[in-house]
Amino acid sequence: MIQAPTPTADTVRRLVRSLLEEGGDGTGGPAVRPVTEDREHTWWVGSRHVLRLAPDREASVRRRRELRLRELVRPQLPVAVPASVAHGDWAPGLAYTLDTRVPGGTADEYDVSAVGEADLAGLLGGLRTVPARQAEALGVPRTAPRSLEALRRMAVHAAGRLAAADEFDPARLHQLTPPGAAQLTAQPGSAVLTHHGLTGAHVLVSADGRVRGILDWTAAVLGDPAEDIAGLALAVGSPPAVRAATLAGYGARPCLRGLWLARCDTVIRLTDRLEGRTTGSLPLLRTQLRRAWEPILLERVTDLQEDEPEP
């Protein structure tokens, strides 16, 4: 496998100069800088654009598919989706997209207001209206729902190790029993287009709490809508996420399933990070754990259907 080149500021400047006609840093083009130190493939270009460079061929396939998918979902959503002003290859077989910069901070910086929750409801509701056949025609894959019971068992094991590190009370996981996990199995025929990568960094929020845009559609799949509810629980907190899903027309089952996917995921991910199996920001992982475990009134629901056992 050919080693992909590492993009440098000079690489980015040369590419940008060929795409834009504007001054900025005295080199015949706009100023460029990495979005963060650890993201060498994503660059701010001036104040109005962001350049995203695919690091490998697999990412290039997703980046090219994203260009078409964003055009498909844009008319269905009440929030902004980045628009591409240029795209192509920045190295042989490696794609780039130069996108307009959507204004706003991230959900890690600003809290979502009640009106912002309505924006998120519009996001979830709009994704339900995207025809699955059109998404599949663009190459969006289908994914099977995850087993909540298998995830619960992994989380129980991880929670014991978190307890030893004084990071988590494992008794909190006793709320989700094996019968409860079985009751929250994803229902057949419930698959919809999902962003499948909702994080605080991908949800743009203005200072007044409105949700202004959703970034990075490269992980989108046709699958379990509870995954996006879980993503929002990590991004904005469980109560706003569940309220938004309820406003979007989702019932108790997918809301509670999303809640427990998020809770189990955060326990497992923090354990993996503390034990050195993964990298990432410990403060962010702890914040996501706190957000996922915020209580919601829906947890008082005891019957989803009359003929089903209690969760």
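Rules used throughout
Numbering of residues begins from 1 in every chain and follows the order in which that chain's sequence is written. Totals for whole chains, interfaces and linings use every residue, but because this is a predicted model, local features are given only for residues with pLDDT of at least 70 and side-chain atom pairs only at 80 or more, for both listing and counting. Note: side-chain values were computed over all heavy atoms of the structure, leaving out hydrogens and water. For helices, the axis comes from a line fit to the C-alpha atoms of the stretch in contact; other axes are also lines fit to C-alpha atoms, and the angle between any two N-to-C directions lies between 0 and 180 degrees. Helix and strand labels come from DSSP, where a helix needs a run of H or I of at least four residues and a strand needs a run of E of at least two; each type is numbered from the N terminus. Note on angle classes: values under 35 degrees are labelled roughly parallel, values over 145 roughly antiparallel, values of 65 to 115 roughly perpendicular, and the remainder oblique. When the near helix sits turned anticlockwise from the far one by under a right angle, the crossing is termed left-handed; a clockwise turn instead gives a right-handed crossing. Residues count as neighbours in contact if any of their non-hydrogen atoms are within 4.5 Å of one another. Under the scheme applied, nonpolar residues are Ala, Val, Leu, Ile, Met, Phe, Trp, Tyr, Cys and Pro; charged residues are Asp, Glu, Lys and Arg; polar residues are all the others, including Gly. Burial status follows relative accessibility: with a 1.4 Å probe on protein chains alone, a residue under 20% of its type maximum counts as buried, one over 50% as exposed, and anything between as partly exposed. The pairing criterion is simple: DSSP has to find at least two bridges between the two strands. Each cavity reported here is a set of points on a 1 Å grid over the protein atoms alone in which a 1.4 Å probe fits but cannot get out, each pocket an open set with protein on both sides within 12 Å along at least five of seven lines, and each lining residue one with an atom within 4 Å of a point. Grid points are joined across faces, edges and corners, and a volume is the space filled by probe spheres set on the points. When a carboxyl oxygen of Asp or Glu lies within 4 Å of a side-chain nitrogen of Lys or Arg, that pair is called a salt bridge. Working rule for helices: expected span equals 1.5 Å times residues minus one. In this text, buried Ala, Val, Leu, Ile, Met, Phe, Trp, Tyr and Cys residues form a nonpolar core when linked through side-chain atoms within 4.5 Å. Between N or O atoms, a polar contact is any pair within 3.5 Å; within protein, one atom must be a potential hydrogen donor and the other a potential acceptor, and residues adjacent in sequence are included only when both atoms are from side chains.

Helix 10 (residues 282–292) packs onto helix 9 (residues 252–274) with a crossing angle of 155° between their chain directions and a minimal axis gap of 9 Å. Considering their axes alone, helix 9 and helix 10 lie roughly antiparallel with respect to each other. The way helix 9 lies across helix 10 gives a crossing that is left-handed. On helix 10, the residues touching Leu259, Ala262, Arg263, Thr266, Val267, Arg269, Leu270, Arg273 and Leu274 of helix 9 are Leu282, Leu285, Arg286, Gln288, Leu289 and Ala292. For the contact of helix 9 with helix 10, the class distribution of residues is 9 nonpolar, 2 polar and 4 charged.

Before going further, it helps to spend a moment on the pairing of strand 2 (residues 42–45). In strand 2, alternate side chains face the same way, and those of Thr42 and Trp44 on one face and Trp43 and Val45 on the other are all buried. Sheet topology places strand 1 (residues 32–34) next to strand 2; 3 bridges connect them, and they run antiparallel. Across the sheet, Val32 pairs through a bridge with Val45, a residue of strand 2. With 4 bridges connecting them, strand 2 and strand 3 (residues 49–53) associate as antiparallel partners. Residue pairing across strands places Thr42 opposite Arg52, the latter belonging to strand 3. Adjacent in sequence and paired antiparallel, strand 2 and strand 3 are bridged by 3 residues, among which Gly46 carries a positive phi angle near 60°.

Moving on, we come to the layout of surface pockets. In this structure, the largest pocket spans a volume of roughly 940 Å³. When contributions to the lining of the largest pocket are tallied by element, the ones reaching two or more residues are strand 2, strand 3, helix 2 (57–73), strand 5 (94–100) and strand 6 (105–106). For the lining of the largest pocket, the element with the highest residue contribution is helix 2, accounting for 4 residues. In the lining of the largest pocket, the residues fall into 9 nonpolar, 9 polar and 12 charged. Here the second largest pocket is characterised by a volume of approximately 510 Å³. What lines the second largest pocket is a set of 24 residues, and nearest its centre among them are Leu198, Thr199, Leu234, Arg269 and Gln288. Those elements that provide at least two residues to the lining of the second largest pocket are helix 7 (226–236), helix 9 and helix 10. Split into classes, the residues belonging to the lining of the second largest pocket amount to 7 nonpolar, 10 polar and 7 charged.

Glancing now at the pattern of salt bridges. Under the counting rule described, the total for this entry stands at 24 salt bridges. In this structure, Arg52 engages Glu66 in a salt bridge whose closest nitrogen and oxygen atoms are separated by 2.8 Å. Residue Arg52 is found in strand 3, and its partner Glu66 is found in helix 2; the two are separated by 14 residues along the sequence. The exposure class assigned to Arg52 is buried, which follows from its relative accessible area of 11%. The class for Glu66 is buried, based on a relative accessible area of 1%. The salt bridge involving Glu167 is made with Arg286; its shortest N-O contact spans 2.7 Å.

Once that is clear, we can look at helix 9. Here helix 9 contains 23 residues, and its C-alpha end-to-end distance of 33 Å stays within 8% of the 33 Å for a straight helix at 1.5 Å per residue. Most of helix 9 sits out of view: 18 of its 23 residues are buried. Residue Gly276 follows helix 9 closely and has a positive phi angle near 80°.

Right, let's talk about the nonpolar core for a bit. Membership of the largest hydrophobic core comes to 69 residues, with the highest contact counts inside it found for Leu69, Val73, Leu120, Leu193, Val203 and Trp217. In terms of residue count, helix 9 provides more of this core than any other element does, 10 residues in total. The residues touching Leu69, leaving out its near neighbours within four places in the chain, are Leu138, Val140, Leu193, Trp217 and Ala220. Counting residues in each nonpolar core, the second largest holds 15 residues, with Trp43, Leu51, Ala91 and Leu94 among its members.

By the element assignment, Ser60 lies in helix 2. A polar contact of 2.9 Å, which involves the side chain of Ser60, links it to the backbone oxygen of Asp56. Beyond its immediate sequence surroundings of up to four residues, Ser60 is in contact with Ala54, Gly93, Leu94 and Ala95.

Quick look at the sheet that holds strand 9 (residues 211–214) now. Note on sheets: strands pair through backbone hydrogen bonds, and any given pair is parallel or antiparallel. Reading across the sheet, the 3 strands line up as 6-8-9 and stay open at both edges, with antiparallel pairing between neighbours. With partners counted over all chains shown, the strands left at the sheet margins are strand 6 and strand 9, one partner each. With 2 bridges connecting them, strand 6 and strand 8 (residues 203–205) associate as antiparallel partners. Looking at the pairing, Gly105 lines up with Val205 of strand 8.

Once that is clear, we can look at the pairing of strand 4 (residues 84–91). Examined bridge by bridge, strand 4 and strand 5 share 6 bridges and lie antiparallel to one another. When the sheet's bridge partners are listed, Ala86 is paired in strand 5 with Leu98. Between strand 4 and the antiparallel strand that follows it, strand 5, lie 2 residues; Gly93 among them carries a positive phi value of about 80°.

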